[in-house]
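Survey of secondary and tertiary structure
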Amino acid sequence: MATETERLYVLPGDAIDEPLVPRHKKQPLRLGPGLRHIPPSAIVPTVAGQLVVEPRKNSMWMEYNGGRYVPAQNDLVIGQVQRSAAELYLVNLAAHTASATLPQLAFEGATKKTRPQLAQGALVYARVVLANRHMDAELECVSAATGKAEGLGPLTGGMAFDVSLGLARRLLMARSRDEGGVEVLELLGAEGLAFETAVGRNGRVWVGSDSPKTIVLVGRALRETDEGRLDVEQQRKLVKRLVREMR
Amino acid sequence: MAAPSLSFSRPVFAKLSPHPYLLRTLAPQPPSDAAASRTNGRAPQEARPVHIHTSSLSHAHGSALVRTGDTTVICGVRGEVLPVANIPQYRPQATQQQQDDGDERADERGGLGRGELKDYDLLVPNIELATGCAPQFLPGVPPTTLAQTLSTRVYSLLHSCRVVDPKSLRIWYTPPTEVGNNMDTEEQQRQQEEADDGDDGPQLVAYWVLYIDLLFVSLDGNPFDAAWAAVMAALRDTKLPAVRWDPDRQAAVLQNNSQPTTTTATAAAAVPGQGKNSIKTTPLPVAGLPVACTAAVFPEKKHGGESMAASAAATVGNRHWILLDPDRSEETLCGETITMVVDCSSGGGGGETRIKSIEKQGGVVLGRELIRGFAGVAEKRWKEVRDAMQ
Amino acid sequence: MTVIPEATLSVLPRADGSARYAHAGYTVTASVNGPIEAQRRDEHAFEAHVDVVVRPAAGTGGTRERHLESIIESSLTQLILVKNFPRQLIQIVLQIETTPDNDYVNTKLVQASLNFPIVPSLLQAAVLALISAAVPMRATATASVVAVVSQEGTKRLVVDPSPRDLEQAQSVHVLAFTSHDELLLAESEGDFTVKEWDGVYEAALKICCRPTSTKAGIDVMLDDSEDAAGSDMRQFLRSTVEAKVAADLYWK
């Protein structure tokens, strides 16, 4: 496990020492979630967590788990259609929050005639285009640049599982095994199970497969990894056990 | 067509953006050398004058009408007899012993602990914010949080200040070996204490319960100060009728005529209204004169400035004003409030001011120094209210 | 009598954040949900509505609970960055589980008077639950209750007074400070002078704001050997939260 540097845990409102803030000559300082800038120069954490500083990218952010999903731009999320309005769908990203809007034309190749018909309760994999504290979030299922779906769109069949925001973030990491310490999906695939997943930053993982057994098994593996805080070695054992139980 | 004018009349400006409006009057721009004043024309630390009128309700044992600016509250105090037999958790021993010598000790000890007043609920304040006293009070809704909070605060303060001595609420009965029917309660009690030996001594048979009802006729900010002043004025005005215990009826009767007064109808039978001259009354002794003084903190930055930046940033944007006796529009703009209850009446004014309560919440501007300084403001307010009471 | 506070974070799996806090005979469980959609009448155009619900250990809440709620709410609104979530609601439910028993008086179920000694426990539980829910905050807060007890003519300060102490107390004070040493909340009742209040302030400041240095990530507690008595609330808060964060980031 990571012991390379001293971990720096901070609480909301703590003062961050000036030397810790990266000073890059050209790039502007990039602040990730959990930090705010108070003019003129103070950087203050707003949540409790570990302060991570990346001097090469001239960025810093807070690493923490928990809480409720707050939409942020470019996040990939799994939403549930609540109802359909004239030109858009109202999509729920987390329980009891204001719904996000998904224009009915924001799908690949959608026109007035060919737009997808989504029923109430349908799941969609979407990207957050607009997240503003004063407005409801706006989603899209098509890349504005390429006009292609790029994996986004309605999720048919399968089932969505709730996981913690921290696990969702780790699953979305480019190298989720090395950086995020989560290998459970790869391990399940290596066991010969055929399934596909979509991970939403809002703490939802969709699992699709022809076999309902597989779906439930993958979901259980994810939940147990999350709740039991399993490391890679324990995940291996878990996958072995689950697969044995199924057969 | 002329370009639309961007200047508003004062009331429009005040309605549209109350915060900048108040800020502008408090901090006039350099060219004008007007003194800092609030939108209501008062100086920041100027309270509204208090008007108190007592004995305005004919069917209460004591009452007071208090008016500060447009905040008007009326308070009525009504006494009802509560026989000890009707108190479910009554504990006779404790009280009887206290009556002999324990009382003095308890007084010296000066604890905030419970006593008869609290255990038997002898003081029952209730606050009603009348429909229409301010725009936010609608008819037919349950008591607002404000009303509930106010009544908790009044209740607590009544007990922690110990303005009413439980001794003055006790009703005694002496078995007929001693003939003391014509004496009023205090004389009776005195004699009974002298002749106190064994079981034949006086018995505590009932208590007066004081129902203290407050009604806000109109509310323009600072309800607590007005409510508390009304409670104090009404209690000082309260005169309880002299009653004697009739063991046969198990009820208290008025001293002069033998008209029975059932426990629930006591107040009705004993109101000063009918037969005022025939009924003997004794004024309720009230200890001290605590006076509440409230102020709100108006920050220059709306919704609270950055506390962290207070040291780093320049003074601009971090000023604040302490507005004494805020009115309703000021209350909506201020988050932080302080209420201090002081009593300067002990020691003939020369003694040290006793603080009875501090309630400061909702912000971080008022620190130690400002609260210390606020004690002086509260003392000044105490004198004003005392003068109004007399 | 000083009992070391105990706290557990994220005790309720369904809530966004939660904490159980036990100190001086009081146990409070707090849950935080938010930011969630506010009801139309609670909506505020520019900031989040902070809704605090206090549930007593027995019976239903009355006027006293409403007052406690208003105290806690006004304090938390100062801590939470409410402007980050306009038109939203942050709901905090504080369930009182145990209170120190007063075994020599027959207690009434519904008490109308203020209950100062519970305020620090409520506030502390709420702050911990907010941290657990990762609700953005301006600062954290610590609180303490101090009573002035007069004994044989001399007055002494009692931190975390027992119910017995409270019976005999001349005045009771609750003070809360933010992590920037600002006075957040000051509630006092009884009979006291400015000078006495100053003494109480000093004592509470010592408990709530003992300086710790966080230089380079190592928390060095400045050792005040002169008054080892009295807990150090700020250090307690920090160590509790750090343990939780470290457990959350087990995969790092």
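Residues numbered from 1 in each chain as written. Chains lettered and ligands numbered in written order. Predicted model: local features only at pLDDT ≥ 70, side-chain atom pairs only at ≥ 80, totals over all residues.

As annotated in an unreviewed UniProt entry, chain C carries the name Exoribonuclease phosphorolytic domain-containing protein and comes from Lasiosphaeria ovina. Looking at chain C in UniProt, the text filed under Sequence similarities (unreviewed entry) is "Belongs to the RNase PH family." UniProt lists a comment for chain C under the heading Subcellular location (unreviewed entry), and it reads "Nucleus". (UniProt positions renumbered as here; feature names shortened; annotations may be inferred.)

The name that an unreviewed UniProt entry assigns to chain A is Ribosomal RNA-processing protein 40, with the source organism given as Lasiosphaeria ovina. In UniProt, chain A has this text filed under Sequence similarities (unreviewed entry): "Belongs to the RRP40 family."

1. Topic: the overall build of chain C
What chain C contains, in helices and strands, is 5 helices and 11 strands. The proportion of buried residues among the 252 residues of chain C is 56%. Considering only contacts within chain C whose residues lie at least 6 apart along the sequence, 68% involve residues at least 24 apart. (Helix = DSSP H or I, 4+ residues; strand = E, 2+ residues; numbered from the N terminus. Buried ≥ 20, exposed ≤ 12 C-beta atoms within 10 Å, placed from the backbone. Contact = placed C-beta atoms within 7 Å.)

2. Quick notes on the overall build of chain A
Helix and strand counts for chain A come out as 4 helices and 15 strands. Along the first, second and third principal axes, the C-alpha set of chain A runs to 55 × 50 × 35 Å. Counting contacts in chain A only where the partners sit at least 6 residues apart, residues at least 24 apart contribute 60% of the total.

3. Let's talk about the domain arrangement of chain A
Structurally, chain A comprises domain 1 (2-63), domain 2 (76-155) and domain 3 (159-246). Of note, the centres of domain 1 of chain A and domain 2 of chain A, computed from C-alpha atoms alone, are 33 Å apart. (Domains from an automatic or database assignment.)

4. Here's the deal with the interface of chain A and chain C
Tallying the contact residues gives 34 residues for chain A and 35 residues for chain C. Looking at the side of chain A that touches chain C, the elements with two or more residues in it are β5 (49-54) and α1 (165-172) of chain A.

5. A few points about the interface of chain B and chain C
At the junction of the two partners, chain B supplies 41 residues and chain C supplies 43 residues. Of all the elements in the fold, those that place two or more residues in the side of chain B that touches chain C are α5 (145-161), β14 (354-361) and α11 (368-389) of chain B. Counting residues per element, the side of chain B that touches chain C draws most heavily on α5 of chain B, which supplies 10 residues.

6. Looking at the sheet that holds strand β5 (residues 88-98) of chain C
Hydrogen bonds between backbone atoms are what pair the strands of a sheet, whose relative direction is either parallel or antiparallel. Residue and element names in this part refer to chain C. Within the open sheet, the 5 strands sit side by side as β1-β2-β3-β5-β4. Their pairing is mixed. Looking at which strands have only one partner, the edges of the open sheet turn out to be β1 (6-9) and β4 (49-55). Averaged over neighbouring strand pairs, the angle between their axes works out to 15 degrees when direction is ignored. Across the face of the sheet, helix α1 (residues 63-79) comes into contact with β4 and β5 while running at roughly 145 degrees to β4. (Pairing = 2+ DSSP bridges. Axes fitted to C-alpha atoms, helices over the stretch in contact; angles between N-to-C directions.)

7. Considerations on the sheet that holds strand β6 (residues 141-151) of chain C
The 8 strands lie next to each other as β12(B)-β11(B)-β13(B)-β14(B)-β9(C)-β8(C)-β6(C)-β7(C), forming an open sheet whose pairing is antiparallel. What marks the edges here is a single partner per strand, and that holds for β12 (320-324) of chain B together with β7 (154-159) of chain C. Recorded for the sheet is a direction-independent mean angle of 20 degrees between the axes of neighbouring strands. With 7 bridges connecting them, strand β13 (residues 336-343) of chain B and β14 of chain B associate as antiparallel partners. Paired with valine 342 of chain B across the bridge in β14 of chain B is isoleucine 355 of chain B.

8. Topic: the confidence of the model for chain C
Interpreting fine coordinate detail is not advised for predicted regions of low pLDDT. Residue and element names in this part refer to chain C. Here chain C shows a mean pLDDT of 86. Residues at 70 or above account for 87%. Between residues 213-229, whose pLDDT stays under 50, and residues either more than four places distant or in other chains, the model counts 17 contacts. The ipTM assigned to the predicted complex is 0.91, against a pTM of 0.89. (pLDDT = per-residue confidence, 0-100.)

9. Considering the nonpolar core
In terms of nonpolar packing, the biggest core is built from 183 residues, with Ala227, Ala229, Ala230 and Val231 of chain B together with Leu122 and Ala126 of chain C touching the most fellow members. Once residues within four sequence positions are removed from consideration, valine 231 of chain B is found in contact with Cys75, Pro125, Val154, Ile212 and Leu214 of chain B. Of all hydrophobic cores here, the second largest spans 47 residues; its members include Val128, Leu155, Leu167 and Val199 of chain A. (Core = buried A, V, L, I, M, F, W, Y, C linked by C-beta atoms within 7 Å.)

10. With respect to the pairing of strand β9 (residues 183-192) of chain C
With 10 of its 10 residues buried, β9 of chain C lies for the most part within the structure. Inspection of the sheet shows β14 of chain B paired to β9 of chain C by 5 bridges, in the antiparallel sense. What sits directly across from isoleucine 358 of chain B, in β9 of chain C, is serine 188 of chain C. In terms of strand pairing, strand β8 (residues 169-178) of chain C meets β9 of chain C through 7 bridges, oriented antiparallel. Opposite serine 171 of chain C, over in β9 of chain C, you have glycine 190 of chain C as the bridge partner. In this structure, the hairpin formed by β8 of chain C and β9 of chain C is closed by a connection of 4 residues, where aspartate 181 of chain C is found at a positive phi of approximately 65 degrees.

11. A look at the UniProt feature "domain: Exosome complex exonuclease Rrp40 N-terminal" (unreviewed entry) in chain A
Here, UniProt's "domain: Exosome complex exonuclease Rrp40 N-terminal" (unreviewed entry) annotation points to residues 29-68 of chain A. Helix makes up 0% of residues 29-68 of chain A and strand 52%, with an end-to-end C-alpha separation of 26 Å.

12. A word on unusual backbone geometry
A cis amide bond, omega 0 degrees, links glycine 34 of chain C with the succeeding residue proline 35 of chain C. One can find proline 35 of chain C in strand β3 (residues 26-37). Phi is positive for asparagine 74 of chain A, close to 75 degrees, though the residue is something other than glycine. Within the fold, asparagine 74 of chain A resides in the loop between β6 (59-63) and β7 (76-84). Judged by local crowding, asparagine 74 of chain A falls into the exposed class, with 9 C-beta atoms found within 10 Å.

13. Let's talk about the UniProt feature "domain: K Homology" (unreviewed entry) in chain A
UniProt records the feature "domain: K Homology" (unreviewed entry) at residues 158-212 of chain A, using the numbering of this structure. Measuring from the first to the last C-alpha atom of residues 158-212 of chain A gives 8 Å, for a span that is 29% helix and 25% strand.

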